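# Reading the structure
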Amino acid sequence: PRTALLIMAEMDGKGRNTEDQSSWVTTEAITASVAACARLGLWKQTLGLLEQLKLRDLEPSTATYAAVIDSWSYGRCSETWELALTLLEEVRQSGLQLDGSCYSGAVMATGHRWELAISAVKDMYQMRIVPTLAVYTHVLQTCRAAGHSDLAVRVLEAPLREDLDSG
C-alpha cells in the first residue's frame, strides 16, 4: 500500500519533484499499486488508479483490470457487482484477453446474486476458462443460500459431463 499511496500522491502533484516523473509511473507500477489496494479492499482507490492510468495515456493490462475487479471481492460492497460486470465488458471491448482472474473477481463480487454468479461461470466455460476453487465454492454457497443447490451442481458439473460424453 505504501507504493500505491506514493504513486497516488505523485499523480495528485504532491509527490516527488523530479524533471521526469512519468518515467517511473508505468502500467506495471500502477498495476502493482492497484493490487496492493485490492488486497486491502480499497476498491475506490483501485478505480482511481485505473482512471489515472487512462488519463496518462497508458494502456491497462489484463492484470490491471483483474486487480481492480478483485478489489471488489475483498471490499464486499453492495454496488460493486455492477462495476465488475461493466469492467468485464470494458476488457472485452479493449481487445485484451479475459482470463480466470478477471472472472474470479467478478464472480466473487456478485455477492448473493446467484443468477449472476451462474451466468459468469457459464461465460467462463464458453471461453474455456477453468473456474478456481474459490469460484466453485462461492457459486455453491450462494446458490445453496437461495435454495438452488441442484442448479449449481448441474452447472458446475456440465464440463465434466461434456468430457464424458465426448470421450
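Below, the structure is looked at part by part. Counting starts from 1 at the beginning of each chain's written sequence and moves along it residue by residue. Reporting of local features is limited, given that this is a predicted model, to residues whose pLDDT is at least 70; pairs of side-chain atoms are given and counted only at 80 or more, and all residues count toward the totals for whole chains, interfaces and linings. Hydrogens and waters are ignored; side-chain quantities use all the structure's heavy atoms.

The numbering of helices and of strands both runs from the N terminus, where a helix is a DSSP run of H or I of at least 4 residues and a strand a run of E of at least 2. Assigned secondary structure in the protein consists of 9 helices and 0 strands. Ordered by position in the sequence, the α and β elements of the protein form the string α-α-α-α-α-α-α-α-α. Taken over 167 residues, the protein has a buried fraction of 40%. Any two residues whose heavy atoms approach within 4.5 Å at even a single point are treated as in contact. The contacts in the protein between residues at least 6 apart in sequence include a share of 60% that link residues at least 24 apart. Exposed residues in this analysis have more than 50% of their type's maximum accessible area, buried residues have under 20%, and partly exposed residues fall in between, with area computed by a 1.4 Å probe over protein chains only.

Our next topic: the layout of surface pockets. Cavities and pockets were defined on a 1 Å grid built from protein atoms only: a cavity is a group of points that admits a 1.4 Å probe but offers it no way out, a pocket is an open group of points flanked by protein on both sides within 12 Å along at least five of seven lines, and a lining residue is one with an atom within 4 Å of any such point. Grid points are joined across faces, edges and corners, and a volume is the space filled by probe spheres set on the points. Counted as a void, the largest pocket has a volume near 320 Å³. Forming the boundary of the largest pocket are 14 residues, of which Tyr125, Arg128, Pro159, Leu160 and Glu162 lie nearest the centre. For the lining of the largest pocket, the secondary structure elements donating two or more residues are helix H7 (114-126) and helix H9 (149-166). Counting residues per element, the lining of the largest pocket draws most heavily on H9, at 6 residues.

In this section: the pattern of salt bridges. We count a salt bridge whenever a side-chain nitrogen from Lys or Arg sits within 4 Å of a carboxyl oxygen from Asp or Glu. Applying the stated criterion across every chain yields a total of 4 salt bridges. Between Lys54 and Glu90 there is a salt bridge, with its nearest N and O atoms 2.3 Å apart. Residue Lys54 is found in helix H3 (residues 43-55), and its partner Glu90 is found in helix H5 (residues 80-94); the two are separated by 36 residues along the sequence. Given a relative accessible area of 29%, Lys54 falls into the partly exposed group. Connected through salt bridges with shared partners, the residues Glu89, Arg92 and Asp123 form a single ionic network.

A separate point is the packing of H7 against helix H8 (residues 133-145). To obtain each axis, a line is fitted to C-alpha atoms, and for helices this fit is confined to the stretch in contact; angles are then taken between N-to-C directions over 0 to 180 degrees. Across the interface, H7 lies against H8 with an axial gap of 9 Å and an inter-helix angle of 145°. Crossing angle aside, the handedness with which H7 passes H8 is left-handed. Where H7 approaches H8, its residues Trp114, Ala117, Ile118, Val121, Met124 and Tyr125 are matched on the opposing element by Val135, Tyr136, His138, Val139, Thr142 and Cys143. Here the nonpolar group is Ala, Val, Leu, Ile, Met, Phe, Trp, Tyr, Cys and Pro; Asp, Glu, Lys and Arg are the charged ones; every other residue, Gly included, is treated as polar. Taken together, the residues that form the contact of H7 with H8 break down as 10 nonpolar, 2 polar and no charged. Each crossing is labelled by how the near helix is turned from the far one, with a counterclockwise turn of less than a right angle marking it left-handed and a clockwise turn marking it right-handed.

The subject of this paragraph is the side chain of Thr142. By the element assignment, Thr142 lies in helix H8. Taking relative accessible area as the criterion, Thr142 reaches 9% and is therefore assigned buried. Apart from the residues lying within four places of it in its own chain, the contact partners of Thr142 are Gly111, His112, Arg113 and Trp114.

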